[in-house]
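Topology and contacts: notes
Listed below are the residues making up each chain.
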Amino acid sequence: MKHTGAKITLALIACAIFAGLLPVAWLGLGEGEKALDAYTLRVIAFTLWQALLSTAISALLGVAAAFALARRQFWGRAVLVRLLALPMALPAIVVVLGIIGIFGAEGPLAGLLPLYGLTGILLAHVFFNAPLVARLTLSALGTIPPEQLRLAAQLGFSDGAHLRHVDWPVLRQALPGALLLVFLLCAASFTIVLTLGGGPQATTLEVAIYQALRFDFDPARATLLALVQIVLCGLLGLGVLRFSSPIQAQDALRLARHRYDGQSMTARLQDILFISLLVVLLLPPLAALVASGIMSLSIQTAFFTALATSLVLASATAIFACTLAWVMATGPARVSTLASQAGLILPPAVIATGWFILASKGPGLSPVALPLIAALNSLMALPFAYGALAPALRRLLKSHDRLCDSLEISGWNRLRRIDLPSAKAPLSLGLAMAALVSLGDLSAILFFGSGQYVTLPALIYQQMGSYRMEGAMGTALILALLSFTLLWAAERGSERHA
Amino acid sequence: MLELRDVIFRYPGLVMRFNFHMERGSFTAIIGPSGGGKSTLLSLIAGFETPQSGTISIAGRDVTHEPPSQRPLSMIFQDNNLFAHLDIFTNVALGVSPSLKLDEAQRQAVTDAIMKVGLAGKEKRKPGELSGGERQRAAIARVLVRDRPLLLLDEPFTALGPALRQDMLELLKSLHDERGLTTLMVTHHPEDASTAASHVAFLADGEIKAYRKTKNMFRAKNMPGLAAYLGNTPRSP
């Protein structure tokens, strides 16, 4: 029997997904067009509109900033390039608080922007995604052969010719996948829209599903919205998968090679402008978070309970997601890779809706809440855990196969003595990535926690809701530090073992 | 034709100093161990790197601080000389005008150059559809239309087989003579130097240790570095 473990795992994932999708399809299709009313249409329109705007702004700023970073040498450039990786490690709720710390009622720039509504959502989405686009663009520019950059300099290419002949061919490969990914992330965004959205005018499908299910107790509407969401994100997700695998491309970040273009005054001014914009986008929210977080650190019982719940869930998610990823890495590559991406393509709210309906028909929610949260977190974390673990693990296992066969080392012995010790680096990175997803998650905990279980993000959300902003800032700072330490330790660990 | 005077370039782990003079019309092969600074020397001359001090002049003009496109030279690399998404005609035409605005005479010059290197009929092919040797021929065609007096080559034929390398060297030599070029070629193969070069420079540890006529260089007995590099002396165990 070949790939037995992998097949069982894949079947398990398929079951989990179908348990989410079937009730949604069943109830949602039963509703028919009846529920496709003005409200639903408005939610769909807003979901697409804000995702389109977020993607356009992130693309413009991200690509322009990447060019500036690629062709300018300046003090702090390396730091800024590293800083681009930072938003991905930050829980959304933390960034939301940072932005509120600047533009909110108490912030230094209060009243400058209408924060709650489209503007706030765009600002937060661009905070996350412009650096992502910049990273992906930089790593694409890094694949240009150095000879071609020199050739362009020797042949006296104008910046336009440089863009057309040298940069565009690699950007054309990288950008469509990257921009579709950004659009998908923005269309399925939950935390940011929940906290910065302004009522029914600024609600996305993901948030509307949550509200229909948990506030209006209207499973019919929830399933219908979920059905729309699954079609939308499914199509986008398939588009992302068609263009390479952007999640794996991120570790290929190198400082771009020496370039000779962009010597004109316009190009210089443009680069200065976009680097400044990037700095202005990234630094103030972080500074606000640190400043007001330190001022308002108040450690109470609620905090420790939330910390404990977060750590338990993060550990369970890390172990579960990495076990899945490990077993899948031993299986057929194409199917496993596709299955691992399910958590990216299928929005958590959709799966949560199905599980929620099944659970409330069966044992009720509260006995199974924690396992459900951990399971949903694992599904959400799987693309990242798999991306960090599988490619390296596949190579390792392949290189061990013959030797282990000839020495008759197999089963538990091989796992314990050979495979696990040699996979320490990718495994620790995979564990950390999965734990990060769980630590920052607000959707699974809100869907299933019912106030009975409160994690750090849920605590922050509660504190925001009851206008205890200082408390929320303090908790957010600790959550941010926790996430950083985790990622930093994992990256150090994987560099040491690499 | 080419003169480097007290050129100093610091690289992590190696300081390079170049004093070097090359006559118009000479064909010089640069040999020497890897990491000795051969490619860096070409990069300095072409303007891809700027020296910390010293002057580089080409045809009597100080070009030390001129951008690469202003220097009277062309360069061919080992690989990636062509833009993969453009056909051969367009790749060669970039040597005439980077904006690709060509008049009739210029178009004719491009076609002639392509014919001269033996690629007639392959103008519409993409680089990916050509062999490695044909791609280097296209790069040579672009050098012809650019028509600059100094030609730099960085291991241009290393990836090719022995017979093909011989053909390419002969093509290069004939164009060098016909156009009155001054040519500087980094190579890994000392026999390339014997085939085509009038002079050989031996470069090691960031310095030109010797610069002589080809036949004198390979007869030299009193150069331990060169002997070790060429491998024709017994080495101590």
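Position numbers for residues start from 1 in each chain and track the written sequence from start to end. Starting at A for chains and at 1 for ligands, labels are handed out in the order in which the entities are written. Local features in this predicted model are restricted to residues of pLDDT 70 or higher, and side-chain atom pairs are both shown and tallied only at a pLDDT of 80 or more, whereas totals for entire chains, interfaces and linings draw on every residue.

Concerning the overall build of chain B
So the rule is basically this: Secondary structure is summarised from DSSP: a helix means a run of H or I of at least four residues, a strand means a run of E of at least two, and numbering begins at the N terminus for each. For this measure, only C-alpha atoms enter the radius of gyration; the expected value for a globule follows 2.2 Å times N^0.38, where N is the number of residues. Buried residues are those with 20 or more other C-beta atoms within 10 Å of their own C-beta, exposed residues have 12 or fewer, and partly exposed residues lie in between; C-beta atoms are placed from the backbone.
In terms of helices and strands, chain B carries 8 helices and 10 strands. Computed over the C-alpha atoms, the radius of gyration of chain B is 18 Å, within 12% of the 18 Å expected from 2.2 N^0.38 for a compact globule of 237 residues. Overall, chain B is about 60 × 40 × 30 Å in size when its C-alpha atoms are taken along their principal axes. Expressed as a percentage of its 237 residues, the buried residues of chain B come to 41%.

What to know about the overall build of chain A
This is how it is decided: By the convention adopted here, residues make contact when the C-beta atoms placed from their backbones lie within 7 Å.
Summing up its helical and strand segments, chain A has 23 helices and 0 strands in all. Against the compact-globule benchmark of 23 Å for 498 residues, chain A has a radius of gyration of 23 Å, which places it among compact chains. Principal axes of the C-alpha set define a box for chain A whose edges measure 70 × 70 × 50 Å. The long-range fraction of contacts in chain A, counting pairs at least 24 apart against all pairs at least 6 apart in sequence, stands at 85%.

A word on the domain arrangement of chain A
All names here are of chain A. What counts, and what does not: Segment limits for the domains were obtained from an automatic or database-derived domain assignment. Only Asp, Glu, Lys and Arg are considered charged, only Ala, Val, Leu, Ile, Met, Phe, Trp, Tyr, Cys and Pro nonpolar, and every remaining residue, Gly among them, polar.
Along its sequence, chain A is carved into domain 1 (1–19 + 296–498) and domain 2 (36–287). Relative placement of domain 1 and domain 2: their C-alpha centres are 24 Å apart. Opposite the 34 residues of domain 1 that make contact, domain 2 presents 30 residues. A total of 9 residues in the side of domain 1 that touches domain 2 trace back to one element, the largest contributor, which is helix α23 (residues 469–497). Class assignment of the residues belonging to the side of domain 1 that touches domain 2 gives a composition of 28 nonpolar, 6 polar and no charged.

A closer look at the pairing of strand β3 (residues 27–31) of chain B
Residues and elements named next belong to chain B. This is how the line gets drawn: Pairing between strands is defined by DSSP: at least two bridges between the two strands are required.
Across the 5 residues of β3, 5 count as buried, placing the element largely inside the fold. Burial along β3 is two-sided: Phe27, Ala29 and Ile31 facing one way and Thr28 and Ile30 facing the other are all buried. Sheet analysis places β3 next to strand β8 (residues 182–186), joined by 4 bridges and oriented parallel. Residue pairing for β8: threonine 28 is matched across the bridge by leucine 184.

Thoughts on the interface of chain B and chain A
Each partner contributes to the interface: chain B provides 17 residues, whereas chain A provides 15 residues. Considered class by class, the residues forming the side of chain B that touches chain A number 10 nonpolar, 6 polar and 1 charged.

Quick word on the domain arrangement of chain B
Residues and elements named next belong to chain B. Parsing chain B into structural domains produces domain 1 (1–72 + 150–237) and domain 2 (80–147). Of note, the centres of domain 1 and domain 2, computed from C-alpha atoms alone, are 26 Å apart. Contacts between domain 1 and domain 2 engage 10 residues on the former and 7 residues on the latter. For the side of domain 1 that touches domain 2, the element with the highest residue contribution is helix α5 (residues 162–179), accounting for 5 residues. Of the residues contributing to the side of domain 1 that touches domain 2, the split by class is 10 nonpolar, no polar and no charged.

Quick word on the sheet that holds strand β2 (residues 14–22) of chain B
Residues and elements named next belong to chain B. Convention followed: Lines fitted to C-alpha atoms define the axes here, with helix axes fitted over just the stretch in contact, and angles between the N-to-C directions of these axes take values from 0 to 180 degrees.
An order of β2-β1-β4-β5 is seen for the 4 strands of this open sheet, with the pairing classed as antiparallel. One side of each edge strand has no neighbouring strand; the edge strands of this open sheet are β2 and β5 (61–62). Inspection of the sheet shows strand β4 (residues 53–58) paired to β5 by 2 bridges, in the antiparallel sense. Bridge assignment links isoleucine 58 to a residue of β5, and that residue is arginine 61. Packed onto the sheet, helix α1 (residues 38–46) meets β1 (2–11), β2 and β4 and runs at close to 115 degrees relative to β1.

Re the sheet that holds β3 of chain B
Adjacent strands of a sheet pair through backbone hydrogen bonds, lying either parallel or antiparallel. Residue and element names in this part refer to chain B. Reading across the sheet, the 6 strands line up as β6-β7-β8-β3-β9-β10 and stay open at both edges, with mixed pairing between neighbours. In this open sheet, the two edge strands, each paired with only one partner strand, are β6 (73–76) and β10 (207–213). Between one strand axis and the next, the sheet turns by 15 degrees as a mean value, whatever way the strands run. Sheet topology places strand β9 (residues 199–204) next to β10; 6 bridges connect them, and they run antiparallel. Across the sheet, the residue bridging to histidine 199 is lysine 213, located in β10. Each of β6 and β7 (150–154) is contacted by helix α4 (residues 132–146), which is oriented at about 175 degrees to β6, the strand it contacts most.

Here we look at the confidence of the model for chain B
Low pLDDT means the predicted atomic positions in that stretch should not be read closely. Residue and element names in this part refer to chain B. Quick note on the threshold: On a range of 0 to 100, pLDDT expresses the predictor's confidence in each residue.
For chain B, the mean per-residue pLDDT works out to 89, and 97% of the residues sit at or above 70. Per-residue pLDDT stays below 50 along residues 233–237; that stretch engages in 3 contacts with residues further than four places along the chain or on separate chains. Reported confidences for the modelled complex are a pTM of 0.86 and an ipTM of 0.87.

Some points on unusual backbone geometry
One non-glycine residue, glutamate 408 of chain A, lies in the positive phi region at around 55 degrees. Among the structural elements, glutamate 408 of chain A can be located in the loop between α18 (369–407) and α19 (411–422). A positive phi angle is found at aspartate 147 of chain B, which is not glycine, with a value near 55 degrees. Of note, aspartate 147 of chain B is situated in the loop between α4 and β7.

As for the nonpolar core
Soluble, globular proteins show a tendency: their nonpolar side chains are buried together. Residues and elements named next belong to chain A. Note the following rule: In these notes, a nonpolar core means any group of buried Ala, Val, Leu, Ile, Met, Phe, Trp, Tyr and Cys residues linked to one another through C-beta atoms within 7 Å.
By size, the foremost hydrophobic cluster in this structure holds 237 residues, and its most contacted members are Ala325, Ala385, Leu389, Ala434 and Ala476. Per element, the largest residue contribution to this core is 16 residues, and it comes from α18. If near-sequence neighbours (up to four positions away) are discounted, alanine 476 is found in contact with Ile93, Val94, Leu97, Leu289, Gly293 and Ile460.

Topic: the environment of tryptophan 168 of chain A
If you trace the backbone, tryptophan 168 of chain A turns up in helix α8 (residues 159–187). For tryptophan 168 of chain A and leucine 141 of chain A, which are 27 residues apart along the polypeptide, the C-alpha to C-alpha distance reads 9.3 Å.

A few points about helix α13 (residues 265–295) of chain A
Heads up, the rule is: A helix's residues, less one, multiplied by 1.5 Å, set its expected span.
With 31 residues, α13 of chain A extends 44 Å between its outermost C-alpha atoms, agreeing within 8% with the 45 Å of an ideal straight helix rising 1.5 Å per residue. Residues of α13 of chain A that are buried: Asp271, Phe274, Leu278, Pro285, Leu286, Ala288, Leu289, Ser292 and Gly293 of chain A.

Here's the deal with the packing of helix α10 (residues 205–214) of chain A against helix α11 (residues 219–242) of chain A
All names here are of chain A. Definition in use: Roughly parallel means an angle under 35 degrees; roughly antiparallel, over 145; roughly perpendicular, 65 to 115; everything else is oblique. With the far helix as reference, a near helix turned anticlockwise by less than a right angle produces a left-handed crossing, and one turned clockwise produces a right-handed crossing.
α11 packs onto α10 with a crossing angle of 165 degrees between their chain directions and a minimal axis gap of 8 Å. One finds that α10 runs roughly antiparallel with respect to α11. For α10 against α11, the interelement crossing comes out left-handed. Where α10 approaches α11, its residues Leu205, Glu206, Ala208, Ile209, Ala212 and Leu213 are matched on the opposing element by Pro219, Arg221, Ala222, Leu225, Ala226, Val228 and Gln229. Of the residues contributing to the contact of α10 with α11, the split by class is 10 nonpolar, 1 polar and 2 charged.

Remarks on the confidence of the model for chain A
When the pLDDT values of chain A are averaged, the result is 86; 95% of them are 70 or greater. Here residues 245–256 of chain A is modelled with pLDDT under 50, and outside its nearest four sequence neighbours on either side it reaches 26 contacts, counting other chains as well.

What about the environment of alanine 130 of chain A?
All names here are of chain A. Note on placement: alanine 130 falls in helix α6 (residues 118–141). By the C-beta count within 10 Å, which is 29 here, alanine 130 ends up buried. As a C-alpha pair, alanine 130 and tryptophan 326 span 196 residues in sequence and 32 Å in three-dimensional space.

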